Amino acid sequence: MSDKKSREKMLKAVFTALFAALIVVSAFISIPLPGSPVPIVLQNMMPVLAAALLGGVQGAGAAGLFLLAGSLGLPVFAGGRGGMAIILGPTGGFLIGYFLAAAAAGFYIGKPSPEQETPLYKIIIGTLLGFVLIYIPGIAQFIKITGKGLTEALSLACLPFLPGDGLKAVLTVVLAAKLRPVIARYLYKDADLGE
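So, here's what we can say about the structure. Note that this is a predicted model, so its numbers are computed, not measured.

Counting secondary structure elements, the chain contains eight helices and two strands. Counting from the amino terminus, helix and strand elements in the chain follow one another as α-β-β-α-α-α-α-α-α-α. Here the chain has a C-alpha radius of gyration of 17 Å; the compact-globule value for 195 residues is 16 Å, and the two agree. The principal-axis extent of the C-alpha atoms belonging to the chain is close to 55 × 35 × 25 Å. The buried share among the 195 residues of the chain stands at 45%. A sequence separation of at least 24 residues applies to 70% of the contacts in the chain between residues at least 6 apart. Surface exposure of the chain reaches about 9700 Å², of which carbon and sulfur atoms provide 72%.

Let's shift gears to helix H2 (residues 45–54). A large share of H2 lies buried, amounting to 10 of its 10 residues. Along H2, the positions that sit buried rather than exposed are Met45, Met46, Pro47, Val48, Leu49, Ala50, Ala51, Ala52, Leu53 and Leu54. Tucked inside the fold, the buried residues of H2 contact helix H1 (3–25), helix H3 (56–71), helix H5 (92–109), helix H6 (120–146) and helix H8 (162–188). Where H2 terminates, the next one or two residues include Gly55, which has phi positive at roughly 100°.

Let us look at the side chain of Ser26. Positionally, Ser26 belongs in the loop between H1 and strand S1 (30–31). Here Ser26 falls in the buried class, since its relative accessible area comes to 3%. With near-sequence residues (within four places) excluded, Ser26 lies in contact with Leu42, Gln43 and Met46.

Between H1 and H8, the shortest axis-to-axis distance is 8 Å and the interhelical angle comes to 140°. In terms of axis orientation, H1 runs oblique to H8. Contacts between H1 and H8 involve Glu8, Leu11, Lys12 and Phe15 from the former and Ile183, Tyr186, Leu187 and Tyr188 from the latter. Split by residue class, the contact of H1 with H8 holds six nonpolar, no polar and two charged.

About the criteria used
Residues numbered from 1 in each chain as written. Predicted model: local features only at pLDDT ≥ 70, side-chain atom pairs only at ≥ 80, totals over all residues. Heavy atoms only, no water. Helix = DSSP H or I, 4+ residues; strand = E, 2+ residues; numbered from the N terminus. Rg over C-alpha atoms; globule rule 2.2 N^0.38 Å. Buried < 20%, exposed > 50% of the residue type's maximum accessible area, 1.4 Å probe, protein only. Contact = heavy atoms within 4.5 Å. Areas by Shrake-Rupley, 256 points an atom, 1.4 Å probe, with all protein chains shown as cover. Axes fitted to C-alpha atoms, helices over the stretch in contact; angles between N-to-C directions. Parallel < 35°, antiparallel > 145°, perpendicular 65-115°, else oblique. Nonpolar A, V, L, I, M, F, W, Y, C, P; charged D, E, K, R; others polar.

Next comes the structure, spelled out in structure tokens:
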């Protein structure tokens, strides 16, 4: 394997691990919502941001590393919790949605390229797709575990979070549009990266 290819693989692994760590760190920003077991978190933005910046494989890889750490009991989920009981509980579907969101949004937006700028509409649509794909398994599992109807589940685990998630989606789009060219330069450019 050439030095260029091995460096590219190493940088991809570093960026994937870095975004998995960002998902973990964002768990510490968790605000309980009265009457709902679903807290307000910054964490749900991070898998979508990872996807928008890195593409599908690495975005899903970052979300997958995060889920693996949590399933092994490390305190990486909102509120400093971990373990399979969280994944199988009423809010676990949202966590599963992190992986689905990162994969789908990342593959739709595509990996960053130093030769071609990503159209803004692709970043916007991919970001919205990511946030929607967090909610679908989240609401489905919430209904299954709690036995609540769709209307009540939406009022407890979806509607109160939409304004904040709208702001997070805007922030994700802005960050992705600004940072994708920088990441592309480091991951895929033929240059020697300053050596």
